[in-house]
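These are the residues of each chain, in order.
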Amino acid sequence: MARLQIPIETTTLGNGLRVVVAPDAAAPVVTVGVYYNIGFRLEPRGRSGFAHLFEHMMFQGSANAGKMMHIKLINSSGGVLNGSTHYDVTNYFEAVPSNALERVLWLEADRMRALKVDEENLRNQRDVVKEEVRVNVLNQPYGGFPWLDLPPVAYRNWHNAHNFYGDFADLDAATLDDVQAFFKTYYAPSNAVLLILGDVQPEEGFALAERYFQDIPSGPPPKPADVSEPPQTEEHRGVVEEKFGTLPALAVGYHAPQRRTPDWHAAAMLDQALHGGRAGRVYRRLVLEKQVAVDTSGGIHYPMGDIFDYNGPTQMVTRILHKPEFSADQTLAVFDEAVGELQQQGISVEELEQVKVKFRSDYYSQLEGGRGGYMPRYGLMHCLACFALFDRDPQLVNTILEGFLEVTPAQVQAAAQKYLVPRNRAIVIRRPVAKGAAR
Amino acid sequence: MSSVLTSDLRAHVPALGPERPVVWPRRTRRTLVNGLQVVLVESHTIPKLTAELYFRSGNAVTARQAPGLAEMTAAVVRTGTVSRSSRQIEEDLRRMGADLGTSAGADTSAISFSGLAEFSKGLLELVVELARNASFPPDEFERERRQRVEELRIERTTPGFLAGERLRKVLFGQHPYALVAPTEAQVESYRREQLVEFYGEHYRPGNALLVAVGDFTAENMVEQIERAFGNWPAGKPAEPENPPLPETRGRHVYLVHLADTVQTQILVGNRAITRRHPDWLRLSLANSLYGGAFNSRLVMNIREQKGYTYSPRSTVHALRQHGYFSIHAAVRNAVAAATLAEIFYELDRMRALPVGEEELTDARNYLSGVFSLGLGTQDGLAAQLATVYLNELPEDYLETYREKIRALTADDVLAAARKYFDSANARIVLVGDRKELAEQAALFGELEVFDAQGNRLQGGEAG
């Protein structure tokens, strides 16, 4: 079996900034990321959507580079850039020809040093974010389903349960003082990791990191938000109106085992057995055999992330678009059959072996994968950052597969019996409003 | 808006280092005796291979007899062969750590696959079976057909889809490129024999291109491919003739009515050119300056200054026989007309004034830089190779692209904008609620209103 061994070098600067370099000179391209250990789950109470709005503000002007300068300087170097907000991290990243590395690091250091934004910038980006919410959620069939629908039904702790994109009233209430306070609290070097991947030597990467980031003063690390959930004792259900789409939909989320435990490894194999494409039991049963559904998909921490990129409670989620002639309960009964079969009969050695091969293959693709094809090694960067921030061990990239490949059929069956039970799950139904569905 | 760096900032920003050479990997090319074209590149980034088997026939060749038939054929191809059931195919793929997709666009049908390199032999054998010996099980066909109908119903509630569908209709008229998707009735009327016939005629080695990138040695992979595909009997379909394109004079506005929408999907377009056209790179650069990149004029104007929209962009679309240029933005309803005014203002500015030296240099650097970002991944390489060989671009296209972009001038950009940013004759599509939009839309040209199914509605009728 071919194993992937990715060279990784790490250091920590005096101000607490962690630095990870993964050299690979195959192409004259370098990918840079800065990850901050703050995401929409961790944003302060009563400030829904702030972490994401703030991410937009990080493109509006920093210590020396004014509005548009980050974008202009990266694009004109032949590169691309973006940022994104996740449950527990927010990232800023660039892919550029490697002769622009120093410029990219200067820019990222400039906005770690200070944010220089005004009322006009905030008003402008608040408008942009509202259009983002409209185009992705409010004006799309199945917008936000189930990533915005499930949390309020599944969770009781505000941090896990609130509207991550933000209520418009909360977005409107955000002030420049809030922006600067948030920056001061969460964007300290000690709460971040810098990643440099591709056409760079480790010593060169470390020297440049020191040159540009070393003298950024660090504040105290933020007080971690309490994201713990009270134990669930009965099944939760919710219904959301579907304004555009013609088919009814159903999402089921089971609380997943804690990250990096034997149960978590087993749940990953269970997940692949259930949701692994068309060979997965859910698609096969609901779409191919019983034909109650038109499409199914799912995963651990699906659809806003993957099995590695969270640090707290999450769920194994199944998303089902089903035919209107079947009720939600009928559809759910077919889904429950597929789950019940795994609980009662377990998984064969042969099926588990297939699942492991596919899991390994998917992992390699994930590491190499760009984001929509334009960001080489985005996946590797993302894993390194999460392993650095959550586990303090980016080398896990080279060893994390082992735990999954050791899972036994008995463990998979036991995990199915322990976790895939009604009192551990939440169900959300998307019910189309009359016009399209009635026919 | 000036984008010139202040001297103060220039002093801070590190200069670009010396450029490291971009070396495109060596391609191994073969044409098998049956006509199958093969392009291989070694890439050892991960222990996998990534490949696409293209047939140069898509929905355009079936548009007159059965729109969308190529797509339906592709969907059913993966559901059974003479020796494997649907379930067996899916489990065999999983056993090899493989993903496989079948699809069809206007010009091609494709089987895309990737998997662990250690299983490449078995994967190629499965793919050749799908390409040669698909069995089109009747029950799988019925299931896929029903799924397609349900998908179409959802697509016709999706603003971006509806805008694209209408724009293609008005740009291409009677030409097959006008049809983006079939109607539900057309899907209902497909017969299994039609799929089998399309498959028999078009899934032929003489019509095919296989691009493979991955962790293999080229020599060994050539052998594996010859063994798997070599005894597939030759064959190549005839090229169909297509009707002429419609006249597109004057500005016209097409409003697709979708009740209670909280946003307006704007899509503006003109016909343009194919990738083989000598103006392609000039137009690409003009597009990049106008709206093709984050720091382009349109994005800075309607996003960063005015906050009308989240992700506006312009795009040059190349099809095999023709192409088109389009601009899209999803905006709040109240600023639909204001956004259109800015879209046209920026188009006309590109047409009227030569672009300044700094802005031009920035855009040239952008295009030539991003062109090679995909070099380090199997996916990125496979996509670039497919573009070159499907479009029959010159063999040195990848190697010479950057120098050609860097040689372009402000005059080239101005000429391309004047020729292709045809603002006076643009087609304007708006998808949204007519109550909110009819008045704003009528400001920009003669207005026609449609429902989501494509039926014409009376202009003055209340939504």
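Q: Would you explain the overall build of chain B in this entry?
A: Each helix and strand counted, chain B has 18 helices and 13 strands in total. Its C-alpha atoms give chain B a radius of gyration of 24 Å, near enough to 23 Å, the size a compact globule of 463 residues would have. Expressed along its principal axes, the backbone C-alpha trace of chain B runs to roughly 60 × 60 × 35 Å. Long-range contacts, defined here as pairs at least 24 residues apart, represent 80% of the contacts in chain B between residues at least 6 apart.

Q: Sorry, what's going on with the interface of chain A and chain B here?
A: Interface size is commonly expressed as the accessible area that is lost once the parts come together. In this assembly, 68 residues from chain A lie in contact with 70 residues from chain B. For the side of chain A that touches chain B, the leading source of residues is helix α13 (residues 349–368) of chain A, giving 9 residues. For the side of chain A that touches chain B, a count of residues per class yields 31 nonpolar, 23 polar and 14 charged.

Q: I tried to follow the domain arrangement of chain A on my own but got confused; where do I start?
A: All names here are of chain A. The assigned domain composition of chain A is domain 1 (9–213) and domain 2 (236–437). Once you take the C-alpha centre of each, domain 1 and domain 2 turn out to be 27 Å apart. With 33 residues of domain 1 at the contact, the number on the domain 2 side is 37 residues. The set of elements that each furnish at least two residues to the side of domain 1 that touches domain 2 consists of β2 (18–23), β3 (29–36), β5 (90–97), α5 (150–154) and β6 (192–198). In terms of residue class, the side of domain 1 that touches domain 2 is made up of 20 nonpolar, 9 polar and 4 charged.

Q: I'm lost on the domain arrangement of chain B in this one. Help?
A: All names here are of chain B. On domain assignment, one finds that chain B holds domain 1 (28–229) and domain 2 (252–457). Between the C-alpha centres of domain 1 and domain 2 the distance comes to 28 Å. Among the elements of the structure, β2 (37–42), β3 (48–55), α7 (159–172) and β6 (208–214) are those that each provide at least two residues to the side of domain 1 that touches domain 2. For the side of domain 1 that touches domain 2, the element with the most residues is α7, which contributes 9 residues.

Q: Hey, could you run me through helix α3 (residues 101–113) of chain A in this one?
A: Residue and element names in this part refer to chain A. For α3, spanning 13 residues, the distance from its first C-alpha to its last is 18 Å, which sits close to the expected 18 Å at 1.5 Å a residue. In terms of burial, α3 is a largely internal element, 10 of the 13 residues being buried. Along α3, the residues classified as buried are Leu101, Arg103, Val104, Leu105, Leu107, Glu108, Ala109, Asp110, Arg111 and Met112. Those residues of α3 that are buried are in contact with β3, α2 (69–75), β5, β6 and α9 (202–213).

Q: I'm lost on the environment of glycine 245 of chain A in this one. Help?
A: Along the chain, the position of glycine 245 of chain A falls in the loop between β7 (236–242) and β8 (249–255). Here the alpha-carbon distance between glycine 245 of chain A and valine 433 of chain A, two residues 188 residues apart in the chain, equals 8.6 Å. Those residues in contact with glycine 245 of chain A, other than ones at most four positions away along the chain, are Pro141, Tyr142 and Pro432 of chain A together with Ile154 and Thr157 of chain B.

Q: I'm lost on the packing of α3 of chain A against α9 of chain A in this one. Help?
A: To describe two helices that pack against each other, one gives the angle between their axes and the distance between the axes. Residue and element names in this part refer to chain A. One way to put it is that α3 packs onto α9 with a least axis distance of 9 Å and a crossing angle of 40°. Relative to α9, α3 is oriented so that their crossing is right-handed. Together, Leu101, Glu102, Leu105, Trp106, Ala109 and Met112 of α3 and Leu208, Ala209, Tyr212 and Phe213 of α9 make up the contact between the two elements.

Q: Would you mind showing me how to read unusual backbone geometry here?
A: Of all residues except glycine, most have a negative phi; of all peptide bonds, most are trans. All names here are of chain A. Each neighbour pair has its own omega, and for phenylalanine 145 with proline 146 the value is -5°, a cis peptide bond. Inspection of the secondary structure puts proline 146 in the loop between α4 (119–138) and α5. The omega torsion of the bond from tyrosine 302 to proline 303 falls at -5°, within 30 degrees of zero and hence cis. Position of proline 303 relative to the elements: it lies in the loop between β9 (293–300) and β10 (315–322). For arginine 377, which is not a glycine, the phi torsion comes out positive at approximately 60°. In this structure, arginine 377 sits in the loop between α13 and α14 (378–391). Judged by the 27 C-beta atoms lying within 10 Å of it, arginine 377 is buried.

Q: Please explain the sheet that holds strand β5 (residues 109–116) of chain B as it appears in this structure.
A: Across a sheet, strands are paired by hydrogen bonds formed along the backbone, either parallel or antiparallel in direction. Residues and elements named next belong to chain B. Sheet architecture is open: 6 strands sit in the order β1-β2-β6-β3-β5-β4, paired in mixed fashion. Edge positions in the sheet fall to β1 (28–31) and β4 (99–104), since each has one partner strand and no second. Looking at each pair of strands side by side, their axes are set apart by 10° on average, direction ignored. Each of β1, β2 and β6 is contacted by helix α10 (residues 218–229), which is oriented at about 150° to β2, the strand it contacts most. Here helix α15 (residues 378–390) sits on the sheet and contacts β2, β3 and β6; the angle it forms with β6, its principal contact strand, is near 155°.

Q: Explanation requested: the sheet that holds β3 of chain A in the structure shown.
A: Residues and elements named next belong to chain A. Here we have 6 strands laid out as an open sheet, ordered β1-β2-β6-β3-β5-β4, and mixed in their pairing. Of all strands in the sheet, those bounded by a partner on one side alone are β1 (9–12) and β4 (80–85). Taken over all neighbouring pairs, the strand axes of this sheet differ in orientation by 15° on average, direction set aside. Packing against the sheet, helix α1 (residues 50–57) makes contact with β4 and β5, and its axis sits at approximately 160° to β4.

Cut-off values and rules
- Residues numbered from 1 in each chain as written.
- Chains lettered and ligands numbered in written order.
- Predicted model: local features only at pLDDT ≥ 70, side-chain atom pairs only at ≥ 80, totals over all residues.
- Helix = DSSP H or I, 4+ residues; strand = E, 2+ residues; numbered from the N terminus.
- Rg over C-alpha atoms; globule rule 2.2 N^0.38 Å.
- Contact = placed C-beta atoms within 7 Å.
- Nonpolar A, V, L, I, M, F, W, Y, C, P; charged D, E, K, R; others polar.
- Domains from an automatic or database assignment.
- Expected span 1.5 Å × (residues − 1).
- Buried ≥ 20, exposed ≤ 12 C-beta atoms within 10 Å, placed from the backbone.
- Axes fitted to C-alpha atoms, helices over the stretch in contact; angles between N-to-C directions.
- Left-handed = near helix turned anticlockwise from the far one by under 90°.
- Pairing = 2+ DSSP bridges.

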